[in-house]
Every structure is written in structure tokens, then in C-alpha cells.
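Close look at the chain arrangement
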Amino acid sequence: MAEKIRRAQDPEFDVVIVGSGVAGALVAYRLAEARHRVLILEAGGVPQDSLGRWAMAHYFVTSPAKTPDAPFCGDGVLAPQPNPIDPKNTGYYDYDPTVKNEPFKSYYERLVGGSTWHWQGIYLRMLPKDFRMKSLYGLGRDWPITYDDLEEWYVRAEYEMGVAGNDKQNDDFFVSRFGAYRSRPYPMPELPPTYLDAQVSTAINGAIFNDFIPDTRDPKPVRVQVTNVPHAINSQPYQGRPPCDGHTSCVPLCPIKARYDATVHLEKALNAGALLRSQAVVTRLEYDRRGHVSRVWYKRWDKSETFVSGRIVILAANGIENPKILLLSGDKNDAIGRYLMDHPIRQSFALAPRPLYPFRGPQTTSDIEVFRDGEFRRVYAAFKTSIKNDGWATNMTGAPRGNVLADKPGASDKNPGTILDLVKNWKYFGTKLRTTLADTIPRHITLNSACEQLPYKDNRVQLSRNLDPLDIPRPLLSYRVDDPNGYVRKSFRQIVKFHAWTFKQMGIPDQDQFLMSDDPNLNYGGSGHIMGTTIMGAKGDSVVDKDCRSHDHPNLYVLGSSVFPTGSTANPTSTLAALALRAAKHIGDELRRNRPA
Amino acid sequence: MNEHGIDPATSSDSIDVTRRRFLAQAVTLGVTAVAFPGLAAATTEIWEEGDLQCQPPVAPVRPAYDVNDPALFRTFLRLSESITGIAPLDEHIGHKYLQRFASHPQLTAVLPQLIQAYRAIAPGTTPPPDALVEQRIMQDETLRFGAEQIIFVWYLSAFYLPPPPPKPDPLKPPPPPSGSPPKSVWIYGSPEEYGAGLIWSLIHAHAPMTPGGPPGYWADPPSA
């Protein structure tokens, strides 16, 4: 009976959006503002956020972990998800036992607002050449759209979210070197660089780097420049949110909301009439005979299942959950789940000769982007290098506190850096402890380079036979960080050379540089930039078209970085936000054209 | 070998990066207790391994001594100043740390022994030399255990101890079985204490997620 009543009401909504991260929130706002009936389904719950963000900040400061999910302590917030403190990421991800794998080290948050809770707000656009990797360098794929197609939408997203950047720098550097023009200035001036940034800039700005790995094609000397990082972080009051005052905790949480997160547009969407159902985990889409999505089935946390329907359905989960839902729905398109990408990270750290004073200001305010494009991309991956403002906190030392102990006390160590290490292993206390900490920790510096990863067909998401706690199949991953040609490995070699060069320019002796070796197992970190898996392109070779519409289901759209055909070196949020706004326009036009009588 | 003395192809063997090596080893050791079919051996370099998401629910105990005794507090504070190397310490926070230490089930018993040992080497108000503290407290295994926790709590506002068992979460997979004893984690107290960790003022910074200053303060070096 209930079934018949529901059928009589189909479709209940104009738009059903799966996922409440930045893509889902932006498109929900745009469509609700246009008076369409919008429902947002979110797998996770709502974090405690009365009294500002006091409860979340409290959870963070009292947690042992200080990990990205630390603010979301408590029942009813996080849906089953990868565990950021599992170094092999096996608690939620499964791995295909029939192939050789390496851990996929990126994870995400499944709660209202998605992973924008814990991003750094770094807001880099892709470069014009990033859209044409196949044509220009013979590798990867070309996007079905160009920088010119997306530029207008980059701008709109920047004004929606509030981005602080340096216009003169963009003209002087990004336009002249990469052709990355802007049609409008940034909404806000840039966040000032830190004192630490200034010391690095003084050492390397304008210097010539000319130390390339042997098989680099056409190596040319590179004049190095430190650039200011554009952020979706307020440098001045913007749309009711305050300017950043440097809590140095963008990840895992901005406690004052100076850094944009998706709740900004979720609140706007709800105020415009959108509905939000939290703790609603979408399990599959049901299709009619024409291939249209007729129902969106979802499971509540008590494991009861129900469905909802919409004229348009939008998957805006992420690069793992989007393909998972399509596979759970029985979709046969072979491209679904394939081309999983991240931005593999290689870090180096060092002890500078003079104090740099880390742990002051946003976690990254300057970077080095001169290696984001060049002929070398035929041979090894482009990369960008962030100058970290939080000392050694994000490398494996976890300074100043410390995370791990040597397996035996008193292990050889020329440069102890953590309180845990000094006290437990070195038996320091009293004056010696104080003076050592005061002398060394202000001199900590970490360089963090993230490189592009080409889209490989065998890097993919499938369905595991193992179930998560809601009895939904877990993601089954097949993942290798590199390929037989060593695209990432060679880039890592170049990165380590560049790190060593930078440290040397800063006057740091070899013994105070801690460089990752070129180990056989290719030690790497994950950026949390989960891309590919529902890529855009031509029908027959991809999942969605240039407007993010499914090739197979006319009323289904897929948003987020899962549609990226290649990964570039840009943090993906700027591009996925631009694509979401572009798709929202397309969807809105379609809804108006096909409004029921 | 290039001009910087780094040969990426052989750097793991040719450079004395002892810290890197032992940390990589420690991390690897920490995860190899569980078998992962199909996974190549690897370590991680991002974020923190082996800790917990939420504050462990430590149940306080009633100490077998008067924790409000002013003499006890004075000695606790002077002991703290000796082993942290920082004086004078904040008495208000000191009271809180004494309460936490004395009521912690794994620490309460060692406090009287520490107090007694310290009074024996510092009967007056003059702090004892570090060498004497080393000899009489830090070389004693039991006393050292307590002294380390006092150092940690003053610098970081956290003890470094094995946590009590976590509350089961129906939506999180259970931790993998392990035959080894629970790993120590950082057990924090209140937000007030977190922000007051000595390390932050010592390095001219602030505890992450606490205010650092007016917008843009980070562009200048810290003032003296």
C-alpha cells in the first residue's frame, strides 16, 4: 500500500543530491535558490556545532590522535569510512587479492559537510595545459573541456566560496609562465606569507635550479620562485564570516569558520528551501526501462531501507563512493571505478640554521609551483611543493609532541626533535630538555611535494564481498602508485633533488637534512585528493559527458573530482567547484525546459 | 653523487639519516602485526599512527593521601620546575595537574614516592642540581616513570600512557586483534590545560586550534 502511495507521488523532488560536500552543497544551493525542490541525502550525521564550533574544538584538543576526524567524536556523526590512523587503510577499504597492490593512503569524511571540514583551503586552479595532457605530452587523456570553457566558472566558484589571492602575482607569474589568466580579480587580497615563508623566499627566489634526474627530457635551468598560495580562507570579513586569525588548525578544523567549508552553502541551500536527510546511506539507484533513474534507495543507520525519487539525480559523494553506488546499482559501463588517482606525496624535512618559528599562521601560505608544467611531463610527473608552516608535525616525527618511539631506547639520533623522543629515548629533563626544545623546534621545516598521477585503467574501485557495519559492500581497491615507466618514481627523485637544493640554499648542512631515500617500495603519502573513477569524456570510453551527465542514464549527473580524466597538480576543490556550478546551470536549464505541466 | 652530496639512487645507504631510519623502522614495526594479503610493505609519512580519535574515558581514583595538602602541592611544583627546566610554573595549572596525576589509576601510587625522593634532595627552597635529580630520581625506574609523566603533562598537558579499552562503536570496524599490550597514547585533559602546554610558549607559538594573535600576526617574527 505504501508503495502505491509513493508511486502516485513520483517524482517527489525535482533534484535528489547524494552527498553534502562542496559539490553537493553548491549545486543544492543554486537549484534551491531557483525554486526547485531539492533533497540532499548524506550518509553521515551532523557534527555538534551549537555555540559556534566549541564542541568540535573541544573534541580535538582532548583527543589523543589530533587526526582529521578528531573533531567528530561521538555517536551519530561519521558513517563507515576509511580510518585516517590506519597507515595501510584496510579498515574500510579492501584490496583485490588477485593483483599486487599498494595502500591507497587517502581517506575522507562521511558526515554532513564532507571532507571540506578538514581541508587546508588551498585553492589552485588547473593550468591550461593540464586539460590537454594527451595532445601535448602523449600521456594520460585530454579533457573534453578546456581552461577557457571553465574559466568563467572558476571565477564564480571563487566568489561563492570566498578566495583570497594575489592578483599581481597571478599576472606576473601564472599568466606569463603558464597562460593561466583570470577574467576577474580574486575576491579578497592574499593571506600574508609567514615569517618562515619569507626566510625560504630570501634563500631561493630567483636562484637557478639546474639539477635534473639523468633521464629528464630537455632539461632547462629553472628560475625558482616562491608564490603565495590562494586560499578559500578569508583574509578579510567575507559574507558574514571572519578573517583568519591563524589558529594553525585548518586541518582538522577551522574553529572560527574563516576557512570555507561546505556547511556555508548547505546553510544557504536549506534557507532556500532544500531538505537535508542525514544518516541516509544510498545503497543503489533503480532504473526504468528508458535507463532513467526512477528511485534512489537509501539505508538508515538502523538498517531500514527506503527510497526517494527525483526528476534529476546527482551523485556528489566522492571518488570512492560515487562509483560504488553505480556498481551497486548494477551499472555495466566498464569505465566505472577505473582510473583512480591521487596526488602522491613525498616529504623532506630539515633543521634550519636559524629559527623559522613554525606553528604560527595557516598551515601553508606559500609554495613553489615552477614544476607544475614543462616538457619533462613526457618523462616524469609534474609537482608542486608546499612550504609547511607546522614544522615537523605532519611528517612521521609528529614534532613537537612525537608519535612513535624507537624500538629500543637510546637509538642513534643526531637531531632529536620531539618531546617524546628526548624524554623517553634520550633521558633528557630539566635545563637540558628545555634548552634543546627551545633551540631545535623553532628551526623545524618540512617541504611537502605532491605530484600528478596518470590515469591507469587498472587502478580501480570495485565492490568487495566484505560488508561494512551497515551491511553494504565495502570498496575493493586495486591500486599501484606508479607504473612500469616510473612516472611517479622519477618525479620523486626530482622532488628529493629539489628539496635538497632548497635546503642547501638555506644553508642547511647535509647532516641536518632528512630526505626520503629512493626505496624499492616507493614510500609515499596520500593527499586526500581522490580523483578519477567516473571520468568525463566521449561515450564508450568514460562515464559522464562534458556536462557531467551520465552517458547511460539521461537524468543522472555525477559531480566531484571523480569526473576528472587527469589529476594535474592542482588541489581538486577549485576545479570540482567550478564544474559543479557549471553543471548546476545545465541542470537548471533542463529542469526549466522540461517542467511538468 | 651530485653537487649537493645526494645521489637519489643510493641515498638510503650513503647518507647517515639515522632518525629517518629508526622512525621508518618504528612505524613499520607498528603495523606488521597484521597481515595484509596483496599489499607491498610500505610505511607512511603523513599523519599520526596508532592513536585514538576520542578522549579515552579514564576513570579517576581516590588517592590514598590528602591531595589538598599545601606542602604536597609546593613540593609537586618545585619538583615540576626541576624536571621541566622551567620556573616559575603557573600554580593554577599546577593544581589541576596535581589533581589529574594523583587521581590517575596508573600514576596515583608513584606520587608519594616522588615527593619523598625530591624532599630528600631538596629539603629547603633551593632547587637541587640536575645531576642530583638524575642520580636520585631519574635513574630509578619507578620514579622515572612518574617524573616523565610530569614532564609530559606540563609541556603538552597530556600523559603518555596505555589507554583504557575504548567504547565499542557499532559503525566502526573493531580494531585488528593484537597479542601485544596496548600502545601508549597521549591522554589530554581540559582545553584550558591544552592551550597552556609549556612547549608552545617556549617555541614562541601557540597550541594549534587556539588563537595565535590578530590576523596576519604570522608575517612577523615573534616578539621577544
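Residues numbered from 1 in each chain as written. Chains lettered and ligands numbered in written order. Predicted model: local features only at pLDDT ≥ 70, side-chain atom pairs only at ≥ 80, totals over all residues. Heavy atoms only, no water.

Here the focus is the pairing of strand 1 (residues 13-18) of chain A. Residue and element names in this part refer to chain A. Most of strand 1 is tucked away: 6 of the 6 residues are buried. With 5 bridges connecting them, strand 1 and strand 13 (residues 310-315) associate as parallel partners. Opposite phenylalanine 13, over in strand 13, you have glycine 310 as the bridge partner. Examined bridge by bridge, strand 1 and strand 2 (residues 38-41) share 4 bridges and lie parallel to one another. Across the sheet, the residue bridging to valine 18 is leucine 41, located in strand 2. (Buried < 20%, exposed > 50% of the residue type's maximum accessible area, 1.4 Å probe, protein only. Helix = DSSP H or I, 4+ residues; strand = E, 2+ residues; numbered from the N terminus. Pairing = 2+ DSSP bridges.)

Turning to the sheet that holds strand 11 (residues 293-300) of chain A, a few remarks are in order. All names here are of chain A. Taken in spatial order, the 3 strands of this open sheet run 10-11-12, and their pairing is antiparallel. Strand pairing shows two members of the sheet lacking a second neighbour, strand 10 (280-287) and strand 12 (305-308), which therefore form its edges. Between one strand axis and the next, the sheet turns by 30° as a mean value, whatever way the strands run. For strand 11 and strand 12, the ladder comprises 4 bridges, and the chain directions are antiparallel. Considered in strand 12, the bridge of valine 296 is made with valine 308. (Axes fitted to C-alpha atoms, helices over the stretch in contact; angles between N-to-C directions.)

A separate point is the packing of aromatic side chains. Residue and element names in this part refer to chain A. The final tally for this structure, using the stated rule, is 36 aromatic pairs over all chains. Judged by centre distance (5.2 Å) and plane angle (75°), the rings of tyrosine 147 and tyrosine 181 are edge-to-face. With tyrosine 147 in helix 5 (residues 147-161) and tyrosine 181 in the loop between helix 6 (167-178) and strand 5 (188-189), the pair connects residues that are 34 residues apart, well separated along the chain. Residue class for tyrosine 181 comes out partly exposed when judged on its relative accessible area of 32%. The structure contains a cluster of three or more aromatic residues connected by ring pairs, namely Phe131, Trp143, Tyr147, Tyr154, Tyr181 and Phe564. Over the ring of tyrosine 29 we find lysine 268, and its NZ or CZ is 5.5 Å from the ring centre. Its guanidinium or amino end placed over the ring of phenylalanine 307, arginine 295 lies 4.0 Å from that ring's centre, counting from NZ or CZ. (Phe/Tyr/Trp six-rings, centres within 6.5 Å; stacked < 30°, edge-to-face > 60°. Lys NZ or Arg CZ within 6 Å of the ring centre and 35° of its normal.)

As a further point, take the confidence of the model for chain B. All names here are of chain B. Overall, the predicted model of chain B reaches an average pLDDT of 77, with 69% of residues at or above 70. When the criterion is pLDDT under 50, residues 1-51 qualifies, and its contacts beyond four places in sequence or with other chains add up to 139 contacts. What the predictor reports for the complex is a pTM of 0.88 with an ipTM of 0.89. (pLDDT = per-residue confidence, 0-100. Contact = heavy atoms within 4.5 Å.)

Bringing the pattern of salt bridges into the picture now. Residues and elements named next belong to chain A. Applying the stated criterion across every chain, the model contains 40 salt bridges over all chains. In this structure, arginine 474 and aspartate 94 form a salt bridge, with 2.9 Å as the shortest nitrogen-oxygen distance. Taken together, the positions of arginine 474 in strand 19 (residues 473-478) and aspartate 94 in strand 3 (residues 94-95) put the pair 380 residues apart, joining distant regions of the chain. The exposure class of aspartate 94 is buried, given its relative accessible area of 11%. Note that glutamate 375 and arginine 378 form a salt bridge whose closest N and O atoms lie 2.9 Å from each other. (Salt bridge = Lys/Arg side-chain N within 4 Å of Asp/Glu carboxyl O.)

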